[in-house]
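Working through the structure, step by step
The chain contents come next:
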Amino acid sequence: MKIVCIGGGPAGLYFGLLMKKQNPAHEITVIERNRAYDTFGWGVVFSDQTLGNLVNADEPTARTILQSFNHWDDIDTHFKGQSVTSGGHGFCGIGRKRLLNILQQRCEELGVRLVFETDVTDDRHIAAEYDADLVIACDGLNSRIRTRYASSYQPDIEARKCRFVWLGTKKKFDAFTFAFEQTEHGWFQAHAYQYDGDTSTFIVETPEDVWLKAGLDRMSQQQAIAFCEKLFANYLDGQSLMSNATHLRGSAMWIKFPRIICNNWVHWNDIGGKRVPVVLMGDAAHTAHFSIGSGTKLALEDAIELARCFEKFGGDGMEKVMAAYQELRVVEVLKIQSAARNSMEWFENVERYTAMEAEQFAYSMLTRSQRLSHENLRLRDAGYVERHENWIAARAFAQAGLPPPDIRPGRSIPPMLTPFRLRGTVLKNRIVVSPMAQYSAVDGVAGDYHLVHLGSRAMGGAGLVFAEMTCVSADARITPACPGLYTPEHTQAWKRIVDFVHANSDAKIAMQIGHAGPKGSTRRAWDGIDQPLESGNWPLLAASAQQYVEGMSHTARAATPEDMERIKADFVRAARAAAEAGFDWLELHCAHGYLLSTFISPLTNHRTDAYGGSLENRCRYPLEVFAAVRAAWPQHRPISVRISAHDWVEGGITPDDAVAIAKLFKQAGADMIDCSSGQVSKKEQPVYGRMFQTPFSDRIRNEAGIPTIAVGSIFEADHANSIIAAGRADLCAIARPHLANPAWTLNEAAKIGYLDIAWPKQYQAAKVQLERNLQRDKQIAAANGGLTPQQIAARLLEG
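Note that residues are indexed from 1 along each chain, following the sequence as it is written. Restriction of local features to residues with pLDDT of at least 70 applies here, the model being predicted, together with a cutoff of 80 or more for giving and counting side-chain atom pairs; totals for whole chains, interfaces and linings are based on all residues. Only hydrogens and water are removed before side-chain values are computed, so all heavy atoms of the structure are retained for them.

A few words on the overall build of the protein. Looking only at helices and strands, one finds 29 helices and 29 strands in the protein. Seen through its principal axes, the protein has C-alpha atoms that stretch 85 × 60 × 55 Å. Buried positions account for 59% of the 799 residues belonging to the protein. Considering only intrachain contacts with a sequence separation of at least 6, the fraction spanning at least 24 residues in the protein is 72%. Within the protein, one finds 85 positive and 90 negative side-chain charges whose respective centroids are separated by 2 Å. The helix and strand labels rest on DSSP assignments: H or I over at least four residues marks a helix, E over at least two residues marks a strand, and numbering proceeds from the N terminus. Type-normalised accessible area, obtained with a 1.4 Å probe on protein chains alone, sets the label of each residue: buried when under 20%, exposed when over 50%, and partly exposed for intermediate values. A contact between two residues is defined here by any heavy atoms of the two lying within 4.5 Å. For the charge count, each Lys or Arg is scored as positive and each Asp or Glu as negative, with His and the chain ends excluded. Each charge is placed at NZ for Lys, CZ for Arg, CG for Asp and CD for Glu.

Assignment of secondary structure puts Asn70 in strand β4 (residues 70-72). According to the relative accessible area criterion, Asn70 is buried, its value standing at 19%. At a separation of 3.4 Å, a polar atom in the side chain of Asn70 contacts the main-chain carbonyl oxygen of Gln194. Contacts of Asn70, omitting those with residues within four sequence positions, involve Phe91, Cys92, Gly93, Gln194, Tyr195 and Asp196. Any N or O atom pair separated by 3.5 Å or less is treated as a polar contact, with the protein-specific requirement of one donor-capable and one acceptor-capable atom, and with residues adjacent in sequence counted only for side-chain atom pairs.

So, on to the packing of helix α11 (residues 295-313) against helix α12 (residues 318-348). Axis lines are fitted through C-alpha atoms, for helices just across the contact stretch, and the angle between N-to-C directions can take any value from 0 to 180 degrees. Between α11 and α12, whose axes approach to 9 Å, the crossing angle comes to 150°. For the element pair α11 / α12, the angle class is roughly antiparallel. At the point where α11 passes α12, the crossing takes the right-handed sense. Across the interface between the two elements, Lys297, Leu298, Glu301, Asp302, Glu305, Leu306, Cys309, Phe310 and Phe313 from α11 touch Met318, Lys320, Val321, Met322, Ala324, Tyr325, Leu328, Arg329, Val333 and Ile336 from α12. Tallied by class, residues from the contact of α11 with α12 come to 13 nonpolar, no polar and 6 charged. Small angles under 35 degrees read as roughly parallel and large ones over 145 as roughly antiparallel, with 65 to 115 read as roughly perpendicular and the rest as oblique. Handedness of a crossing follows from how the near helix is turned relative to the far one, being left-handed for an anticlockwise turn of less than a right angle and right-handed for a clockwise one. Side-chain classes are defined by residue name, with Ala, Val, Leu, Ile, Met, Phe, Trp, Tyr, Cys and Pro counting as nonpolar, Asp, Glu, Lys and Arg as charged, and the others, Gly among them, as polar.

As a further point, take the pattern of salt bridges. Any Lys or Arg side-chain nitrogen located within 4 Å of an Asp or Glu carboxyl oxygen qualifies as a salt bridge. Under the counting rule described, the total for this entry stands at 50 salt bridges. As a salt-bridge pair, Arg308 and Glu305 come within 3.0 Å of each other at their nearest N and O atoms. Taken together, the positions of Arg308 and Glu305, both in helix α11 and 3 residues apart, correspond to about one turn of that helix. With a shortest N-O distance of 2.9 Å, Glu375 and Arg378 are connected by a salt bridge. Here Glu375 pairs with Arg378, and both are found in helix α14 (residues 374-380), just 3 residues apart, close to one helical turn.

So, on to helix α24 (residues 694-704). Buried residues dominate α24, accounting for 8 of its 11 residues. Along α24, the residues classified as buried are Thr694, Phe696, Ser697, Asp698, Arg699, Ile700, Asn702 and Ala704. In this structure, the buried residues of α24 make contact with β26 (639-644), α23 (655-668), β27 (672-676), β28 (708-711) and α25 (717-725). Of the residues one or two after α24, Gly705 is the one with positive phi, at around 70°.

What makes two strands pair is DSSP finding at least two bridges between them. Spatially, the 8 strands close up into a barrel ordered β20-β21-β22-β25-β26-β27-β28-β29, and their pairing is parallel. Along the sheet, successive strands turn relative to each other by an average axial angle of 30°, direction set aside. Here strand β21 (residues 464-471) pairs with strand β22 (residues 508-514) via 6 bridges, running parallel. If you follow Leu464 over to β22, its bridge partner there is Lys508. Taken strand by strand, helix α22 (residues 620-632) contacts β25 (585-590) and β26, and its axis lies near 165° from that of β25.

Let us now look at the packing of α23 against α24. Where α23 contacts α24, the axes come no closer than 9 Å and their chain directions differ by 50°. It follows that α23 is oblique to α24 by the angle criterion. As for how α23 packs across α24, the hand of that crossing is right-handed. Where α23 approaches α24, its residues Pro655, Asp656, Ala658, Val659, Ala662, Lys663 and Lys666 are matched on the opposing element by Phe696, Arg699, Ile700, Glu703 and Ala704. Considering only residue class, the contact of α23 with α24 consists of 7 nonpolar, no polar and 5 charged.

Ranked by size, the top nonpolar core spans 100 residues in total, and within it Trp494 and Ile700 carry the most contacts. Per element, the largest residue contribution to this core is 9 residues, and it comes from helix α19 (residues 561-581). When near neighbours in sequence (up to four residues on either side) are disregarded, Ile700 contacts Ile643, Ala645, Ala658, Val659, Ala662, Ile673, Cys675, Gly705, Ile706 and Thr708. We define the nonpolar core as a collection of buried residues of types Ala, Val, Leu, Ile, Met, Phe, Trp, Tyr and Cys that are connected through side-chain atoms lying within 4.5 Å of one another. Of all hydrophobic cores here, the second largest spans 78 residues; its members include Cys92, Tyr130, Ala299 and Phe310.

Looking now at helix α13 (residues 358-366). Along an α-helix, residues three or four apart share an orientation, since each turn contains 3.6 residues. Here α13 lies mainly inside the structure; 8 of its 9 residues are buried. Taken together, the buried positions of α13 are Ala358, Gln360, Phe361, Ala362, Tyr363, Ser364, Met365 and Leu366.

Turning to the pairing of strand β7 (residues 91-95), a few remarks are in order. Extensive coverage of β7 is indicated by the burial of 5 of its 5 residues. By the alternation rule, side chains of β7 split into Phe91, Gly93 and Gly95 and Cys92 and Ile94, which are all buried. Pairing analysis gives 5 bridges linking strand β3 (residues 43-47) to β7, with the strands arranged antiparallel. Pairing of Val45 across the sheet is with Gly93, part of β7. The sheet contact formed by β4 and β7 spans 3 bridges and is antiparallel. Counterpart to Trp72 in the pairing with β7 is Phe91.

This part takes up a negative patch on the surface. Exposure above 30% relative accessible area and the lack of any salt bridge qualify a residue for a patch; like charges then connect within 9 Å, and the nonpolar side chains Val, Leu, Ile, Met, Phe, Trp and Tyr within 5 Å. Surface accessibility in these figures is a Shrake-Rupley result with a 1.4 Å probe; residues are shielded only by whichever protein chains are displayed. Negative charge collects at one region of the surface, where Asp48, Asp73, Asp74 and Asp174 lie side by side. Checked against the element boundaries, Asp174 lands in the loop between β10 (155-169) and β11 (176-182). What makes Asp174 exposed here is its relative accessible area of 66%.

Printed below as a string of structure tokens:
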């Protein structure tokens, strides 16, 4: 083939050399606008895993790169005068100029033609001039080619919230260093790492509003550098900061990170009667925030994958190669970009976490992308994780009013198993059995099914077990099979279950009360979810007239003031009944499109009275209900509120709104926010994934200053430990995994080797067997350099 790469960065050079190596008969030209061996930028960072990919792709290039790397394992986090070090991370730094020189030399060795000082303004002309069969558009984040064919590539380009500047220094950092400094204007952070024998990259970043308040937009380049030198003087040891962008005037060296995503990576041109693909690669196709150091990694791996696709599918035609390349790379890039977005948003919102102590702040920063988990950190640096677990445990026991834990070397307590106090209620650990509708009540009465369902999960090790949403009146039910708390018979039925839980476990049990509103009078889930009853339907109410499922649901009418007073009284009666039944905890359900939720969301509240319009007005009625319930509920017992923190629909509740809602409930006396999302509109488009709702909990906890419950796709101890240790939530609610395994908490504790949790006497035989298994694991570890079977498996999975 005849291949033209427009752009002489890492992507174009590496693809050129890989294809020339694959078939020396290829005629490959790389066109670069700058001079030969000239480049801009400081250092780039690779993980050890990326180096492995380079070795597999072209060993001579990888060997030369490895000889030029500066390698380190530690990450140092400096915050509020303290330094926290975590090891075992395995990073390498290399100067961008040195990297490009290595790739250029390898290209020349293999016979790739390098053309410099040529600014390509018309890719079609270049394709015709070189009679190209393939054009690689690797012309950077300001790609002209991507702009020219935007209708094909469909790029989504978003300028983010922070300003940052790439600088260098002769200060040699022996760890990847993050330094955070507070000014009268706000917080600044530095990302620093050494990339050769005597030079380090030093990136300074801050939110744009802080940057403007500091006057950096009005400073010359020299003044701005002096500002940064003074601010971070404690870390520079007298060394100056340097710019390699002296051609930029004033504040132009400070830029916003452009997050780039393209729906398609291939455009087809007709050049002289020949169909020629123009393929995006590197920053032209995607960007990943520098805080996870993956921009160059992605560019090189783009090149590796496209070369691999030619090797594997080249005989099937160009269309097959292009389709395979995009299909394979889009998924891998999305993983990195998702992690990079999490990381980027953490740094954009540093102030959110500045109330934390240095230990938790550093842990939050380390795990910000959600790629690095608690057990992965343990594998990298067991000593660091043990110290952090001991730090968490000491504070948790003190907060709960309990004697200090017996902390011994090698016996730290996992964060999810530390105690937690709210008002007068102390939970033995942070695991919650989430409220889950069971549709198994008869006339609102919770029976033997509920006794077994909730009792077994209470004995399974969780700290708090929630009953499903229990309805405050007969016409508040979702289905005829939903439980209620509106007759004395209901109260007695629940008391039987509460008494069993208290007698047979040390778990606490919670009641969630709610009103189905427009989602009521439907069949059981397995008989047709959201479908109206065939007969015996009851009238529905909502904040405004609406039909939950258009064309299917019955239409709910708007609640009148009289309706609202009656319903508020129903909630109060249910709260008093829950207290009489002995529940330890109460939750008010204000989420998921049920009645109180319909008042909060602008999608479902179109009222023109005092209960509609602004967010404060829309929250007015749920807050009135909450106040009445709080007054009826014993003061020493806590109340949480479940909200939908995101409607996932344009014009609905956003995470920003959720913080404001949480603040309103906090002011009203709520003790905790249970952070769910969605189920308000059938038009919702949620973005699912591991712990996908945890960021809402994180924001509410750390911005509104109220304890939170995280819920949603949390399904292993590693998730829960990471969430609690990072301060993203105070409790973790586990739903479906508890349906599959009532003893989920005991099981997960055993999987991570922790058996010092209280086991019910009925489960002692299982505990003995697990202790034997753990002893076996220790014997295996002794024969394998200290590695447990789980760690051996983890290392094998990481390659």
